[in-house]
Amino acid sequence: MTSYRIKGLAAVATVLFVSIAVQPTTARAQVAATSSTRLYADSKLISSDRISVEIVGTGPDVVLIPGLASSRETWRHTADRLRAHYRLHLVQIDGFAGEAAQANASGPVFDPAVEAISAYLGKCGHAVPLVGHSLGGTLGLAIAERHPGLIAKLMLVDTLPYYGVVFAGPTATPDTVRPMAMSIKAQISGPMPDAMAQRMAAQMVTAPDDIARIVGWMKASDPVVVGTAMTDDMLADLRPEVGGVRIPVTVLYETALTSLVKAGYSGLPSGTLIEVPNARHFLMYDQPAAFDAALDRFLSAKP
């Protein structure tokens, strides 16, 4: 499979396109039976048929959403560091990284996840800061566009407003990308060797322990849910409505995405773009000090 840029974010698509096929039918049944991916013994867990949210900590509310086929464990370091000062809402999409697929097992995933998270945010009673990585950021941006008033400010971590440009370049549109997206979805079958998963995960993060963690999430994810979510994401073009997002938006991005980020977010009324050098897709793992500092500035700034 060819793509506009095969490193960094494009590697996410590549690795997940191949890795979602890693599990035969028996493995899928095992994934569906996996217990909840709760991180903390003293937390509260709220589950629906689309998402689950683990709540931990005390203080102002902050919502964090991980990316495609990723666990809420993406934010463990962040939660360990901030839980004494903030009440954290750690979202996970059903079917990802050990969560049972439930309603996400059939039909679209992206739009129903947007609505499920929006419904959850609506119960908070006030607009909240939201941080999203990759697909989690795209979901957050969609909420900001479609449901103004739910998010007070938004941090996007290696997220683009239109993922199709990674596959087909800056002129990509849903119409030009749709045949590729449908082809990818149709080809989700057959096992993938562990060595291939390791190589591809290594394009998204640097440290061996982090690579192993990400590979584990992919193997624990429901392949149908991941394939559908990825296809949905390839066709969800949020660029036309970016100019209508009136809340502060901070975008952290890896160097390789510079041109796509600047073009995609050029219309943001209140946007701060921050390049994180020497990092791959999981910025918070490759450059934790830089990520922590940027997150602290984001959280302390007034909306």
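Relevant structure appears above.
What you see is a predicted model, and the numbers here were worked out from it, not measured in a lab.

J.: Run through the packing of aromatic side chains, naming residues and quoting values.
T.: Tallying each qualifying case throughout the model produces four aromatic pairs. Considering the side-chain rings of Tyr 163 and Phe 167, the 5.8 Å spacing of their centres and the 85 degrees angle between planes classify their relative orientation as edge-to-face. Each residue in the set Trp 217, Phe 282 and Tyr 285 is aromatic and connected to the rest through ring pairs, giving one cluster. The positively charged end of Arg 83 is found above the aromatic ring belonging to Tyr 40, 5.0 Å away from the centroid. Directly above the aromatic system of Tyr 285 lies the positively charged group of Arg 213, at a separation of 5.1 Å from the ring centroid.

J.: So what about the packing of helix H7 (residues 174-186) against helix H10 (residues 223-235)? Which residues, and what values?
T.: Here H7 crosses H10 at 170 degrees, and the two axes come no closer than 9 Å. Of the possible angle classes, the one that applies to H7 and H10 is roughly antiparallel. In this structure, H7 contributes Pro 174, Val 177, Arg 178, Met 180, Ala 181, Met 182, Ile 184 and Lys 185 to the contact, and H10 contributes Thr 228, Met 230, Thr 231, Met 234 and Leu 235. Of the residues belonging to the contact of H7 with H10, the class tally is nine nonpolar, two polar and two charged.

Basis of the calculations
Residues numbered from 1 in each chain as written. Predicted model: local features only at pLDDT ≥ 70, side-chain atom pairs only at ≥ 80, totals over all residues. Heavy atoms only, no water. Phe/Tyr/Trp six-rings, centres within 6.5 Å; stacked < 30°, edge-to-face > 60°. Lys NZ or Arg CZ within 6 Å of the ring centre and 35° of its normal. Axes fitted to C-alpha atoms, helices over the stretch in contact; angles between N-to-C directions. Helix = DSSP H or I, 4+ residues; strand = E, 2+ residues; numbered from the N terminus. Parallel < 35°, antiparallel > 145°, perpendicular 65-115°, else oblique. Contact = heavy atoms within 4.5 Å. Nonpolar A, V, L, I, M, F, W, Y, C, P; charged D, E, K, R; others polar.

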